[in-house]
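Descriptive structure summary
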Amino acid sequence: MSTPFSPPPLAASRLPLARVRLDDVAPFDGAVTPAYARSVDALASSLTRHGAALLELPSADAAVVRCALESTRAFFRARTGVYVYRAGRTLDDGEYPPACMADAFRCLGKAARAAFCAIARNLRLRSDAFNHLLDDTPLPVNVVSSSELLVAYSHGYLQSGQAPIVGPRSSMAEVDMGFVTLVASDHPGIEVCNPNGHWYLAEGSGPNDLLLLTGRALSHVTAGLRPNSQYRITNNENRASLTFRLMPRPNAILDCSLISAAGHCMPHTYLPISASQFMDDLCAEEHAVSNHLEAPSESQGNFVCEPSLRSVLSDPLSGAFLEDAMVLPCGHSFGGLMLKKVIEMARCTICNGEVDPASLFPNLDGSIGYHIALRAVATVVKMEDDRRLFHNAALRKRRRDVSEHMVSPKQTGSSKNNSEMGLDAEKSTAFKGVQYPFVVGERVLIMGNKRTPDKFVGKEAVITSQCLNGWYLVKALDSGESIRLQYRSLKKA
């Protein structure tokens, strides 16, 4: 998804990202080796400090990536464009994808899964802890991959009076929706924003190096322990690129139960949600930002989100608002459970700097005013954020109720006039609240809706947990798979 930014007056600096060999972080049978432990720690440290890392491909995989980049140049020789490749998708008549894309998809997919496993291992989880959220490998017959390979190329000159583009909007800061993103290109051109809000040139020395970025889905399933990366395209001159996005299965349930079981702090804001609903919400959020940017406004030029006010006023690890914030000598701020953890460890969990617990509390050097101001601003922003979320949820509910009342008379053949219909709808909306007609452990029949996968419709399931706003997490009795549905999509068995 995209957020706007204001380009800095000076060129972005280049930071020495951790460069990890893919062979060193790939899962294997046997006892852990020192090289694997060092590589996993280096990868996680680079993601924490810089928001990105570099993966060095083996020579065979690097040759495949170079071939795919050359194929991209040949495919877009006469035009600037973007092609999205998904494994298992049936090609349309007359559609010819760039060559080597199937091989490139396999190589980049293998690298993305290895990085995903290394991230899980660093969080004290099993290396395959999140594999159930991904597509099966290899894909079943007639199944299209959830992950995608974005093939892009931009010429160094203008065509038909239009500026060249390269996939994402070059004037926007990008945040991907999936778990991890790998970028391979033949020319440098990507800048990444580190946790301190500074942009830097982040690509490696060539196609042998893959730029590793993290997405919103990873941030959700890790309860904010692994925040998403922000990046932007800065070079649109004769540049070919391959962007692989590791995405969750549409019917997967994104929750933080594994993080909680591993002993990490889990904020209450990270609730279980189906991957399809999670992506729909992110798309709606991106659409709202795009509408704001396209609408003519005097203040549009001041709509800046790098970094956002919410991110500044949130705990950098848990994502909770810093209503009880304390500032460490190193400059990082913490609150709530994470503040207690910092005090217990006597170290900053971001930069690993030593912390004197006595220095956290207000004293006579003037820091008390800063603490009070930070807490006050965080409280105000949290109230506004809660009000906005409540308003959006209430608006969606009103629209859904109105559409149901408009369709219902047509289905029943009712002859009520417009005034009676409006009165009935008003009464129903006034007394209709969030309903919880089922209890945990009860058997239900999945009726489904237009977004429910066909394999769940008509199946018997059991309620495993109750979520907000009338939603339930149910598990199918025949397959054991779970899905998140609202009470309207369920019926007593």
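Please refer to the structure placed before this passage.
Residues numbered from 1 in each chain as written. Predicted model: local features only at pLDDT ≥ 70, side-chain atom pairs only at ≥ 80, totals over all residues. Heavy atoms only, no water.

So, about the sheet that holds strand β19 (residues 460–466). The sheet built from 5 strands is open, its strands ordered β21-β20-β19-β18-β22 with antiparallel pairing. Each end of this open sheet is capped by a strand with a single partner; those strands are β21 (482–486) and β22 (490–492). Strand-to-strand twist of the sheet, defined as the mean angle between neighbouring strand axes without regard to direction, takes the value 50°. Taken together, the 3 bridges between strand β18 (residues 443–446) and β22 define a ladder with antiparallel strand orientation. The partner of Leu-445 across the bridge, within β22, is Lys-491. (Pairing = 2+ DSSP bridges. Helix = DSSP H or I, 4+ residues; strand = E, 2+ residues; numbered from the N terminus. Axes fitted to C-alpha atoms, helices over the stretch in contact; angles between N-to-C directions.)

Time to look at the nonpolar core. Core analysis: the biggest nonpolar cluster contains 66 residues, and Leu-55, Leu-149, Phe-179, Leu-242 and Leu-254 have the highest contact counts within it. Per-element accounting of this core gives the leading share, 12 residues, to helix α4 (residues 101–122). If you look at the next biggest cluster of nonpolar residues, it comprises 13 residues, including Val-444, Phe-456, Tyr-472 and Tyr-487. (Core = buried A, V, L, I, M, F, W, Y, C linked by side-chain atoms within 4.5 Å. Buried < 20%, exposed > 50% of the residue type's maximum accessible area, 1.4 Å probe, protein only.)

What follows covers a nonpolar patch on the surface. On the surface, Leu-271, Tyr-436 and Leu-468 cluster together to form a nonpolar patch covering roughly 270 Å² of accessible area. With respect to the element layout, Tyr-436 can be found in the loop between α11 (418–431) and β18. A relative accessible area of 34% means that Tyr-436 is categorised as partly exposed. (Patch = residues over 30% accessible without salt bridge, like charges linked within 9 Å, V, L, I, M, F, W, Y side chains within 5 Å. Areas by Shrake-Rupley, 256 points an atom, 1.4 Å probe, with all protein chains shown as cover. Salt bridge = Lys/Arg side-chain N within 4 Å of Asp/Glu carboxyl O.)

Right, let's talk about the pattern of salt bridges for a bit. Under the criterion given, the structure shown has 16 salt bridges. The partner of Arg-19 in a salt bridge is Glu-56, and the shortest N-O contact between them spans 3.4 Å. Within this pair, whereas Arg-19 is found in strand β3 (residues 19–21), its partner Glu-56 is found in strand β4 (residues 53–56), the two being separated by 37 residues in sequence. Residue classification places Arg-19 among the partly exposed positions, given a relative accessible area of 43%. With relative accessibility at 25%, the residue Glu-56 sits in the partly exposed group.

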